[in-house]
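Residues per chain, in single letters:
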Amino acid sequence: MRSPGLLCWLSLPLVSLLASCGPAPEVPAEAGVSTQEAALTELLANGGFNNGTTAPWWNNASTQSRVESNQWRVDVAANTANAWDAIVGQSGLTLVSGRAYTLAFTATATAAITARVTVQQDAAPYAATLTQSFTLDGTSRRFTFPFTSSLSTGVGQVTFQLGGRANAVTVRLDDVSLTTESGSPGSGPVAMTSGFYVDPDSNPAVWVRANGGDGRASRINASIASKPMARWFGNWSGDITQAVSSFVGAADAADKLPVLVAYNIPGRDCGSHSGGGAGSADAYRSWISAFAAGLGSRPAVVIIEPDAVAQLDCLPNDAERQTRLGLLRYASEQFRDRAPNTWAYLDGGNARWIGADTMAQRLESAGARNVRGFSLNVSNFYAAGESATYGNAVNAALSSRYGYTRQFVVDTSRNGNGSNGEWCNPAGRKLGTPSQTGGGAEMLLWVKVPGDSDGNCGIAPGTPAGQFSPDLANRLIDGT
(Lines give C-alpha, C1' and ligand atoms only; values in the text may rest on other atoms or scores of the structure.)
Protein backbone atom coordinates (compact mmCIF):
# COMPACT_ATOMS: atom_id res chain seq x y z
CA MET A 1 0.00 0.00 0.00
CA ARG A 2 2.88 2.36 0.60
CA SER A 3 5.38 3.55 -1.98
CA PRO A 4 8.96 3.62 -0.67
CA GLY A 5 11.71 4.59 -3.02
CA LEU A 6 12.98 1.97 -5.42
CA LEU A 7 16.13 0.37 -4.05
CA CYS A 8 18.98 -1.13 -6.03
CA TRP A 9 19.72 -4.70 -5.04
CA LEU A 10 23.43 -4.56 -5.80
CA SER A 11 24.06 -7.64 -3.71
CA LEU A 12 21.64 -9.99 -5.45
CA PRO A 13 23.47 -12.91 -7.06
CA LEU A 14 20.49 -14.48 -8.82
CA VAL A 15 18.85 -13.21 -11.99
CA SER A 16 15.61 -14.75 -10.75
CA LEU A 17 15.59 -12.11 -8.05
CA LEU A 18 15.53 -9.38 -10.67
CA ALA A 19 18.25 -6.85 -9.99
CA SER A 20 16.63 -3.46 -10.14
CA CYS A 21 19.76 -1.80 -11.52
CA GLY A 22 19.82 -3.34 -14.98
CA PRO A 23 18.39 -5.90 -17.37
CA ALA A 24 18.42 -9.53 -16.35
CA PRO A 25 18.99 -12.44 -18.72
CA GLU A 26 15.82 -14.01 -20.00
CA VAL A 27 14.35 -16.80 -17.94
CA PRO A 28 13.49 -19.83 -20.09
CA ALA A 29 9.81 -20.50 -20.49
CA GLU A 30 8.47 -23.47 -18.61
CA ALA A 31 7.64 -26.55 -20.58
CA GLY A 32 4.02 -27.11 -21.42
CA VAL A 33 1.08 -24.73 -21.49
CA SER A 34 -0.63 -23.46 -18.37
CA THR A 35 -4.37 -23.31 -18.01
CA GLN A 36 -4.16 -19.56 -18.65
CA GLU A 37 -2.21 -20.03 -21.89
CA ALA A 38 -4.91 -21.64 -23.99
CA ALA A 39 -4.93 -21.62 -27.78
CA LEU A 40 -5.64 -18.19 -29.25
CA THR A 41 -7.94 -17.17 -32.08
CA GLU A 42 -6.69 -14.41 -34.41
CA LEU A 43 -9.43 -11.94 -35.40
CA LEU A 44 -7.51 -9.73 -37.84
CA ALA A 45 -6.62 -10.58 -41.43
CA ASN A 46 -3.31 -9.75 -43.11
CA GLY A 47 -1.61 -8.43 -39.99
CA GLY A 48 1.81 -9.41 -41.32
CA PHE A 49 1.55 -7.65 -44.71
CA ASN A 50 3.45 -10.43 -46.44
CA ASN A 51 1.22 -10.74 -49.52
CA GLY A 52 2.04 -7.35 -51.03
CA THR A 53 -1.33 -5.74 -50.29
CA THR A 54 -2.83 -3.82 -47.39
CA ALA A 55 -6.36 -5.24 -47.87
CA PRO A 56 -8.62 -5.53 -45.88
CA TRP A 57 -7.05 -2.61 -44.01
CA TRP A 58 -8.51 0.76 -45.05
CA ASN A 59 -7.37 4.38 -44.89
CA ASN A 60 -8.94 7.82 -45.26
CA ALA A 61 -8.07 10.89 -47.33
CA SER A 62 -5.35 12.05 -44.93
CA THR A 63 -3.48 8.74 -45.01
CA GLN A 64 -1.78 7.06 -47.95
CA SER A 65 -1.23 3.33 -47.44
CA ARG A 66 0.97 0.72 -49.09
CA VAL A 67 3.19 -2.28 -48.33
CA GLU A 68 6.92 -1.60 -48.26
CA SER A 69 9.48 -4.27 -47.26
CA ASN A 70 6.69 -6.48 -45.87
CA GLN A 71 5.53 -3.68 -43.58
CA TRP A 72 2.49 -1.43 -43.70
CA ARG A 73 3.66 2.06 -44.64
CA VAL A 74 1.23 4.85 -43.78
CA ASP A 75 2.05 8.38 -44.97
CA VAL A 76 0.16 10.89 -42.82
CA ALA A 77 -0.68 14.29 -44.29
CA ALA A 78 0.22 17.55 -42.56
CA ASN A 79 -2.20 19.89 -40.83
CA THR A 80 -4.73 17.46 -39.34
CA ALA A 81 -6.66 18.90 -36.43
CA ASN A 82 -7.70 15.73 -34.59
CA ALA A 83 -6.23 12.27 -34.09
CA TRP A 84 -9.08 10.66 -36.05
CA ASP A 85 -8.60 12.99 -39.04
CA ALA A 86 -5.78 10.69 -40.18
CA ILE A 87 -6.98 7.16 -39.60
CA VAL A 88 -6.42 3.60 -40.82
CA GLY A 89 -8.04 0.42 -39.65
CA GLN A 90 -9.81 -2.88 -40.20
CA SER A 91 -13.54 -3.48 -39.72
CA GLY A 92 -15.97 -6.41 -39.59
CA LEU A 93 -14.80 -7.76 -36.21
CA THR A 94 -16.97 -9.62 -33.72
CA LEU A 95 -16.51 -8.67 -30.07
CA VAL A 96 -18.14 -10.30 -27.04
CA SER A 97 -18.71 -8.39 -23.80
CA GLY A 98 -16.81 -9.86 -20.87
CA ARG A 99 -14.33 -11.68 -23.09
CA ALA A 100 -10.56 -11.11 -22.85
CA TYR A 101 -8.61 -9.88 -25.88
CA THR A 102 -5.06 -8.80 -26.63
CA LEU A 103 -4.18 -6.21 -29.27
CA ALA A 104 -0.51 -6.18 -30.28
CA PHE A 105 1.56 -4.58 -33.02
CA THR A 106 5.05 -3.40 -33.93
CA ALA A 107 5.46 0.22 -34.99
CA THR A 108 7.94 2.98 -35.77
CA ALA A 109 7.72 6.56 -37.14
CA THR A 110 9.96 9.01 -38.94
CA ALA A 111 9.41 11.58 -36.16
CA ALA A 112 8.52 11.42 -32.49
CA ILE A 113 4.73 11.38 -32.25
CA THR A 114 1.94 10.29 -29.94
CA ALA A 115 -0.71 8.23 -31.70
CA ARG A 116 -3.82 6.37 -30.57
CA VAL A 117 -5.18 2.88 -31.17
CA THR A 118 -8.79 1.87 -30.52
CA VAL A 119 -11.00 -1.18 -30.59
CA GLN A 120 -14.51 0.19 -31.15
CA GLN A 121 -17.81 -0.07 -32.93
CA ASP A 122 -17.76 0.72 -36.66
CA ALA A 123 -20.84 2.93 -36.38
CA ALA A 124 -21.86 6.10 -34.58
CA PRO A 125 -21.34 6.86 -31.73
CA TYR A 126 -18.22 4.68 -32.22
CA ALA A 127 -18.27 3.35 -28.66
CA ALA A 128 -14.79 2.09 -27.74
CA THR A 129 -13.79 -0.78 -25.48
CA LEU A 130 -10.07 0.05 -25.82
CA THR A 131 -8.58 3.51 -26.34
CA GLN A 132 -4.83 3.61 -25.84
CA SER A 133 -2.26 6.31 -26.60
CA PHE A 134 1.29 5.27 -27.49
CA THR A 135 4.50 7.06 -28.46
CA LEU A 136 6.49 6.37 -31.61
CA ASP A 137 9.91 7.42 -32.88
CA GLY A 138 12.62 5.93 -35.06
CA THR A 139 13.06 2.85 -32.85
CA SER A 140 10.87 -0.13 -33.70
CA ARG A 141 8.86 -1.24 -30.65
CA ARG A 142 6.35 -3.94 -29.85
CA PHE A 143 3.15 -2.78 -28.14
CA THR A 144 0.79 -5.14 -26.31
CA PHE A 145 -2.57 -4.06 -24.85
CA PRO A 146 -4.72 -6.70 -23.10
CA PHE A 147 -8.33 -5.73 -22.37
CA THR A 148 -11.74 -7.17 -21.63
CA SER A 149 -14.43 -6.10 -24.05
CA SER A 150 -17.26 -4.01 -22.68
CA LEU A 151 -19.05 -4.36 -26.04
CA SER A 152 -20.92 -7.11 -27.83
CA THR A 153 -21.01 -6.28 -31.52
CA GLY A 154 -20.62 -7.84 -34.95
CA VAL A 155 -19.36 -4.56 -36.41
CA GLY A 156 -16.21 -3.93 -34.41
CA GLN A 157 -13.06 -2.35 -35.78
CA VAL A 158 -9.44 -1.66 -34.92
CA THR A 159 -8.26 1.86 -35.76
CA PHE A 160 -4.90 3.61 -35.68
CA GLN A 161 -5.53 7.35 -35.27
CA LEU A 162 -2.43 9.24 -36.42
CA GLY A 163 -3.59 12.84 -36.92
CA GLY A 164 -3.63 15.95 -34.80
CA ARG A 165 -0.33 17.52 -35.88
CA ALA A 166 1.03 20.18 -38.18
CA ASN A 167 3.76 18.18 -39.90
CA ALA A 168 3.59 15.14 -42.15
CA VAL A 169 4.96 11.87 -40.84
CA THR A 170 5.41 8.29 -42.02
CA VAL A 171 4.36 5.45 -39.72
CA ARG A 172 5.25 1.80 -40.30
CA LEU A 173 3.20 -0.99 -38.75
CA ASP A 174 3.76 -4.73 -38.73
CA ASP A 175 2.56 -7.94 -37.06
CA VAL A 176 -0.77 -6.40 -36.06
CA SER A 177 -2.77 -8.92 -34.06
CA LEU A 178 -6.06 -9.06 -32.14
CA THR A 179 -6.42 -12.37 -30.35
CA THR A 180 -8.80 -13.97 -27.89
CA GLU A 181 -8.72 -17.30 -26.11
CA SER A 182 -10.41 -20.11 -27.98
CA GLY A 183 -13.50 -21.59 -26.43
CA SER A 184 -16.93 -20.34 -25.55
CA PRO A 185 -17.43 -16.57 -25.72
CA GLY A 186 -16.95 -14.85 -22.40
CA SER A 187 -15.42 -17.92 -20.82
CA GLY A 188 -14.24 -17.86 -17.23
CA PRO A 189 -15.82 -16.82 -13.94
CA VAL A 190 -17.26 -13.58 -15.36
CA ALA A 191 -19.34 -15.54 -17.86
CA MET A 192 -20.31 -18.10 -15.22
CA THR A 193 -21.96 -15.46 -13.04
CA SER A 194 -24.40 -12.54 -13.32
CA GLY A 195 -22.43 -9.66 -11.82
CA PHE A 196 -20.23 -9.13 -8.78
CA TYR A 197 -21.12 -10.31 -5.28
CA VAL A 198 -22.14 -7.78 -2.62
CA ASP A 199 -20.71 -9.01 0.69
CA PRO A 200 -23.53 -8.81 3.28
CA ASP A 201 -20.96 -9.07 6.06
CA SER A 202 -18.47 -6.46 4.91
CA ASN A 203 -17.31 -4.06 7.63
CA PRO A 204 -19.47 -1.23 6.21
CA ALA A 205 -22.54 -3.49 6.02
CA VAL A 206 -22.05 -4.72 9.59
CA TRP A 207 -21.67 -1.14 10.84
CA VAL A 208 -24.80 0.01 9.00
CA ARG A 209 -26.88 -2.81 10.53
CA ALA A 210 -25.61 -1.99 14.01
CA ASN A 211 -26.03 1.78 13.69
CA GLY A 212 -29.34 2.35 11.95
CA GLY A 213 -30.01 5.42 14.07
CA ASP A 214 -26.78 7.14 13.02
CA GLY A 215 -27.42 9.90 10.51
CA ARG A 216 -24.56 8.61 8.34
CA ALA A 217 -25.90 5.07 8.04
CA SER A 218 -28.25 5.53 5.07
CA ARG A 219 -25.69 7.24 2.84
CA ILE A 220 -22.93 4.78 3.81
CA ASN A 221 -25.31 1.96 2.94
CA ALA A 222 -26.27 3.49 -0.42
CA SER A 223 -22.78 4.54 -1.46
CA ILE A 224 -20.59 1.77 0.01
CA ALA A 225 -22.18 -1.15 1.84
CA SER A 226 -24.51 -1.99 -1.06
CA LYS A 227 -21.62 -2.13 -3.58
CA PRO A 228 -19.55 -5.19 -4.57
CA MET A 229 -16.16 -5.28 -2.86
CA ALA A 230 -13.51 -7.78 -1.86
CA ARG A 231 -13.31 -9.74 1.35
CA TRP A 232 -9.81 -10.03 2.83
CA PHE A 233 -8.62 -13.31 4.36
CA GLY A 234 -5.64 -13.70 6.68
CA ASN A 235 -4.57 -15.11 10.02
CA TRP A 236 -7.77 -13.68 11.56
CA SER A 237 -9.98 -15.92 9.37
CA GLY A 238 -9.86 -19.11 11.46
CA ASP A 239 -10.30 -22.33 9.45
CA ILE A 240 -9.34 -20.86 6.10
CA THR A 241 -10.85 -23.62 3.97
CA GLN A 242 -14.18 -23.23 5.72
CA ALA A 243 -14.04 -19.43 5.66
CA VAL A 244 -13.31 -19.30 1.93
CA SER A 245 -15.77 -22.04 1.09
CA SER A 246 -18.56 -20.32 3.00
CA PHE A 247 -17.95 -17.00 1.25
CA VAL A 248 -17.73 -18.36 -2.31
CA GLY A 249 -20.59 -20.75 -1.61
CA ALA A 250 -22.89 -17.86 -0.68
CA ALA A 251 -21.85 -15.99 -3.82
CA ASP A 252 -22.37 -19.08 -5.96
CA ALA A 253 -25.86 -19.56 -4.54
CA ALA A 254 -26.64 -15.98 -5.60
CA ASP A 255 -25.07 -16.51 -9.06
CA LYS A 256 -22.60 -13.70 -8.34
CA LEU A 257 -18.82 -13.40 -8.68
CA PRO A 258 -16.95 -13.02 -5.36
CA VAL A 259 -13.64 -11.18 -5.01
CA LEU A 260 -11.25 -12.44 -2.35
CA VAL A 261 -7.86 -11.23 -1.11
CA ALA A 262 -5.24 -13.65 0.24
CA TYR A 263 -3.20 -11.62 2.75
CA ASN A 264 -1.08 -13.83 4.97
CA ILE A 265 2.46 -13.83 3.57
CA PRO A 266 5.14 -14.06 6.31
CA GLY A 267 6.50 -10.61 7.12
CA ARG A 268 3.33 -8.99 5.75
CA ASP A 269 3.52 -5.22 5.20
CA CYS A 270 7.16 -5.23 6.38
CA GLY A 271 5.85 -5.22 9.95
CA SER A 272 4.10 -1.85 9.54
CA HIS A 273 0.42 -1.01 10.17
CA SER A 274 -0.82 -4.26 8.58
CA GLY A 275 2.04 -6.42 9.86
CA GLY A 276 1.60 -10.09 10.64
CA GLY A 277 1.12 -13.08 8.40
CA ALA A 278 1.86 -16.76 8.67
CA GLY A 279 4.52 -17.69 11.19
CA SER A 280 6.71 -19.66 8.80
CA ALA A 281 7.10 -20.67 5.17
CA ASP A 282 5.63 -24.10 5.89
CA ALA A 283 2.66 -22.55 7.69
CA TYR A 284 2.02 -20.30 4.69
CA ARG A 285 2.17 -23.17 2.22
CA SER A 286 -0.41 -25.05 4.28
CA TRP A 287 -2.59 -21.95 4.57
CA ILE A 288 -2.60 -20.99 0.90
CA SER A 289 -3.19 -24.58 -0.18
CA ALA A 290 -6.18 -24.74 2.14
CA PHE A 291 -7.37 -21.38 0.76
CA ALA A 292 -7.32 -22.74 -2.80
CA ALA A 293 -9.08 -25.90 -1.68
CA GLY A 294 -11.89 -23.78 -0.25
CA LEU A 295 -12.55 -22.30 -3.68
CA GLY A 296 -12.92 -25.62 -5.44
CA SER A 297 -14.50 -25.35 -8.89
CA ARG A 298 -16.73 -22.39 -8.03
CA PRO A 299 -16.17 -19.08 -9.86
CA ALA A 300 -14.07 -16.49 -8.04
CA VAL A 301 -11.50 -13.73 -8.38
CA VAL A 302 -8.52 -13.77 -6.00
CA ILE A 303 -5.94 -11.03 -5.40
CA ILE A 304 -2.73 -12.67 -4.19
CA GLU A 305 -0.85 -10.91 -1.38
CA PRO A 306 -1.06 -7.14 -1.83
CA ASP A 307 2.38 -5.47 -1.67
CA ALA A 308 4.29 -8.75 -1.32
CA VAL A 309 6.10 -8.39 -4.66
CA ALA A 310 6.65 -4.64 -4.46
CA GLN A 311 7.94 -4.87 -0.88
CA LEU A 312 10.69 -7.37 -1.67
CA ASP A 313 13.07 -4.45 -1.12
CA CYS A 314 12.27 -4.29 2.59
CA LEU A 315 13.33 -7.88 3.28
CA PRO A 316 16.75 -7.96 4.93
CA ASN A 317 18.63 -10.42 2.73
CA ASP A 318 18.63 -12.45 -0.48
CA ALA A 319 17.58 -15.66 1.25
CA GLU A 320 14.37 -14.09 2.54
CA ARG A 321 13.62 -12.57 -0.86
CA GLN A 322 14.08 -15.98 -2.49
CA THR A 323 11.81 -17.54 0.12
CA ARG A 324 9.04 -15.01 -0.51
CA LEU A 325 9.20 -15.45 -4.28
CA GLY A 326 9.07 -19.20 -3.80
CA LEU A 327 5.98 -18.89 -1.61
CA LEU A 328 4.25 -16.70 -4.19
CA ARG A 329 5.09 -19.20 -6.93
CA TYR A 330 3.64 -21.93 -4.75
CA ALA A 331 0.49 -19.87 -4.29
CA SER A 332 0.16 -19.34 -8.04
CA GLU A 333 0.50 -23.08 -8.62
CA GLN A 334 -2.14 -23.88 -5.99
CA PHE A 335 -4.71 -21.60 -7.60
CA ARG A 336 -3.81 -22.90 -11.05
CA ASP A 337 -4.13 -26.55 -10.05
CA ARG A 338 -6.87 -26.53 -7.42
CA ALA A 339 -9.25 -23.72 -8.46
CA PRO A 340 -9.98 -24.12 -12.19
CA ASN A 341 -12.69 -21.43 -12.30
CA THR A 342 -10.77 -18.83 -10.34
CA TRP A 343 -9.01 -15.92 -11.99
CA ALA A 344 -6.06 -15.16 -9.70
CA TYR A 345 -3.94 -12.01 -9.90
CA LEU A 346 -0.53 -11.53 -8.30
CA ASP A 347 -0.29 -8.07 -6.82
CA GLY A 348 1.96 -5.72 -8.79
CA GLY A 349 2.09 -2.65 -6.54
CA ASN A 350 1.10 0.69 -8.01
CA ALA A 351 2.00 3.02 -10.85
CA ARG A 352 4.63 5.07 -8.98
CA TRP A 353 6.33 2.45 -6.86
CA ILE A 354 8.45 -0.01 -8.86
CA GLY A 355 9.60 0.52 -12.45
CA ALA A 356 7.58 -1.47 -14.99
CA ASP A 357 10.49 -3.54 -16.28
CA THR A 358 11.61 -4.45 -12.76
CA MET A 359 8.05 -5.33 -11.80
CA ALA A 360 7.74 -7.58 -14.85
CA GLN A 361 10.85 -9.46 -13.79
CA ARG A 362 9.58 -9.85 -10.25
CA LEU A 363 6.16 -11.05 -11.40
CA GLU A 364 7.78 -13.65 -13.63
CA SER A 365 9.80 -14.94 -10.68
CA ALA A 366 6.69 -14.90 -8.49
CA GLY A 367 4.73 -17.15 -10.88
CA ALA A 368 2.73 -14.76 -13.04
CA ARG A 369 2.67 -17.21 -15.93
CA ASN A 370 0.65 -19.60 -13.74
CA VAL A 371 -2.26 -17.23 -13.11
CA ARG A 372 -4.64 -14.92 -14.90
CA GLY A 373 -2.64 -11.78 -14.32
CA PHE A 374 -1.67 -9.06 -11.86
CA SER A 375 -3.43 -6.45 -9.76
CA LEU A 376 -2.57 -2.76 -9.41
CA ASN A 377 -3.28 0.13 -7.04
CA VAL A 378 -4.55 -2.06 -4.19
CA SER A 379 -5.34 0.22 -1.24
CA ASN A 380 -3.90 3.17 -3.12
CA PHE A 381 -5.38 6.17 -4.90
CA TYR A 382 -3.89 6.55 -8.38
CA ALA A 383 -6.31 7.22 -11.24
CA ALA A 384 -7.39 4.25 -13.31
CA GLY A 385 -5.82 5.72 -16.44
CA GLU A 386 -2.41 6.05 -14.81
CA SER A 387 -2.67 2.51 -13.48
CA ALA A 388 -3.65 1.20 -16.93
CA THR A 389 -0.66 2.94 -18.52
CA TYR A 390 1.60 1.28 -15.96
CA GLY A 391 -0.08 -2.11 -16.45
CA ASN A 392 0.46 -1.88 -20.20
CA ALA A 393 4.12 -1.01 -19.62
CA VAL A 394 4.52 -4.07 -17.36
CA ASN A 395 2.94 -6.19 -20.08
CA ALA A 396 5.26 -4.74 -22.70
CA ALA A 397 8.21 -5.79 -20.53
CA LEU A 398 6.72 -9.26 -19.94
CA SER A 399 6.26 -9.65 -23.69
CA SER A 400 9.76 -8.44 -24.51
CA ARG A 401 11.54 -10.51 -21.86
CA TYR A 402 9.46 -13.67 -21.61
CA GLY A 403 7.14 -13.81 -24.61
CA TYR A 404 3.82 -13.56 -22.78
CA THR A 405 1.45 -10.94 -21.33
CA ARG A 406 -1.17 -11.07 -18.63
CA GLN A 407 -4.47 -9.39 -17.88
CA PHE A 408 -4.52 -6.88 -15.04
CA VAL A 409 -7.13 -5.45 -12.69
CA VAL A 410 -7.15 -2.06 -10.93
CA ASP A 411 -8.40 -1.19 -7.45
CA THR A 412 -10.73 1.81 -7.88
CA SER A 413 -12.24 1.82 -4.40
CA ARG A 414 -10.75 5.17 -3.36
CA ASN A 415 -9.26 6.75 -6.49
CA GLY A 416 -12.09 9.11 -7.46
CA ASN A 417 -9.92 12.17 -6.78
CA GLY A 418 -6.61 10.53 -7.70
CA SER A 419 -3.61 10.58 -5.37
CA ASN A 420 -2.07 13.45 -3.41
CA GLY A 421 1.11 11.42 -2.90
CA GLU A 422 0.11 10.10 0.53
CA TRP A 423 -0.94 6.49 1.11
CA CYS A 424 -2.14 6.24 4.72
CA ASN A 425 -5.65 7.65 5.27
CA PRO A 426 -5.02 10.83 3.28
CA ALA A 427 -7.60 13.59 3.25
CA GLY A 428 -9.48 14.61 0.13
CA ARG A 429 -9.80 11.17 -1.43
CA LYS A 430 -13.05 9.92 -2.99
CA LEU A 431 -14.84 6.72 -3.99
CA GLY A 432 -13.94 5.54 -7.49
CA THR A 433 -15.73 3.58 -10.21
CA PRO A 434 -17.64 0.63 -8.72
CA SER A 435 -16.61 -2.88 -9.71
CA GLN A 436 -17.04 -3.60 -13.41
CA THR A 437 -15.45 -5.42 -16.33
CA GLY A 438 -13.41 -3.34 -18.75
CA GLY A 439 -12.62 0.31 -18.15
CA GLY A 440 -9.02 0.17 -19.38
CA ALA A 441 -8.20 -3.04 -17.50
CA GLU A 442 -9.71 -6.50 -17.42
CA MET A 443 -11.70 -5.36 -14.39
CA LEU A 444 -11.99 -2.36 -12.12
CA LEU A 445 -12.58 -3.65 -8.60
CA TRP A 446 -13.16 -2.33 -5.12
CA VAL A 447 -10.38 -4.34 -3.49
CA LYS A 448 -9.75 -2.13 -0.47
CA VAL A 449 -12.95 -1.83 1.57
CA PRO A 450 -13.86 1.89 1.56
CA GLY A 451 -13.95 3.18 5.12
CA ASP A 452 -11.51 0.58 6.45
CA SER A 453 -8.48 2.33 7.92
CA ASP A 454 -4.97 2.04 6.51
CA GLY A 455 -3.55 2.33 10.04
CA ASN A 456 -3.13 4.77 12.91
CA CYS A 457 -2.28 7.64 10.60
CA GLY A 458 -3.54 10.47 8.42
CA ILE A 459 -7.09 11.59 9.14
CA ALA A 460 -7.75 8.49 11.31
CA PRO A 461 -4.85 8.48 13.79
CA GLY A 462 -6.77 6.42 16.33
CA THR A 463 -8.17 3.75 13.98
CA PRO A 464 -6.08 0.57 13.51
CA ALA A 465 -5.54 -0.95 10.07
CA GLY A 466 -8.56 -2.85 8.82
CA GLN A 467 -11.03 -1.29 11.28
CA PHE A 468 -14.03 0.46 9.76
CA SER A 469 -14.49 4.17 10.44
CA PRO A 470 -17.79 5.82 9.48
CA ASP A 471 -15.96 9.16 9.39
CA LEU A 472 -13.50 7.82 6.81
CA ALA A 473 -16.39 6.37 4.82
CA ASN A 474 -18.33 9.61 4.93
CA ARG A 475 -15.33 11.63 3.76
CA LEU A 476 -14.78 9.21 0.84
CA ILE A 477 -18.39 9.78 -0.20
CA ASP A 478 -17.91 13.55 -0.10
CA GLY A 479 -14.32 13.66 -1.32
CA THR A 480 -13.15 15.64 1.70
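As the structure is a computational prediction, the values presented were derived from the model and not from experiment.

Q: Which residues make up the state of the cysteines, and what values go with them?
A: Linking two cysteines covalently via their sulfur atoms produces the bond known as a disulfide. Evaluated as defined, the whole model comprises 2 disulfides. Paired through a disulfide, Cys 270 and Cys 314 show a sulfur-sulfur distance of 1.8 Å. Judged by the torsion about the S-S bond (-90°), the Cys 270/Cys 314 disulfide is left-handed. Within this pair, whereas Cys 270 is found in the loop between strand 13 (259-262) and helix 5 (281-295), its partner Cys 314 is found in the loop between strand 14 (300-304) and helix 6 (318-338), the two being separated by 44 residues in sequence. With relative accessibility at 33%, the residue Cys 270 sits in the partly exposed group. With a relative accessible area of 37%, Cys 314 lands in the partly exposed category. The residue that forms a disulfide with Cys 424 is Cys 457, at a sulfur-sulfur distance of 1.7 Å. Its torsion about the S-S bond being -60°, the disulfide of Cys 424 and Cys 457 is classed as left-handed. Taken as a pair, Cys 424 in the loop between strand 17 (407-411) and strand 18 (436-437) and Cys 457 in the loop between strand 19 (443-445) and helix 9 (470-478) lie far apart in primary sequence, 33 residues in all. The exposure classification of Cys 424 matches that of Cys 457, with both residues buried.

Q: Now, about the pairing of strand 15 (residues 342-347): what can you tell me, with residues and values included?
A: Counting buried residues in strand 15 gives 6 out of 6 residues, a clear majority hidden from the surface. Neither face of strand 15 is exposed, since Thr 342, Ala 344 and Leu 346 on one face and Trp 343, Tyr 345 and Asp 347 on the opposite face are all buried. In this structure, strand 14 lies alongside strand 15, joined through 5 bridges in parallel fashion. Bridge pairing in strand 15 links Val 302 to Ala 344. Assessed by its sense of winding, the connection that carries the chain from strand 14 through helix 6 to strand 15 is right-handed. Of the pairings in the sheet, the one linking strand 15 to strand 16 (residues 373-376) comprises 3 bridges and is parallel in character. Its bridge partner lying in strand 16, Tyr 345 is registered against Gly 373. In the classification by handedness, the crossover that spans strand 15, the intervening helix 7 (residues 356-366) and the parallel strand 16 is right-handed.

Procedures and definitions
Residues numbered from 1 in each chain as written. Predicted model: local features only at pLDDT ≥ 70, side-chain atom pairs only at ≥ 80, totals over all residues. Heavy atoms only, no water. Disulfide = S-S within 2.5 Å. Helix = DSSP H or I, 4+ residues; strand = E, 2+ residues; numbered from the N terminus. Buried < 20%, exposed > 50% of the residue type's maximum accessible area, 1.4 Å probe, protein only. Pairing = 2+ DSSP bridges. Right-handed = clockwise from strand over helix to strand, strands pointing away.

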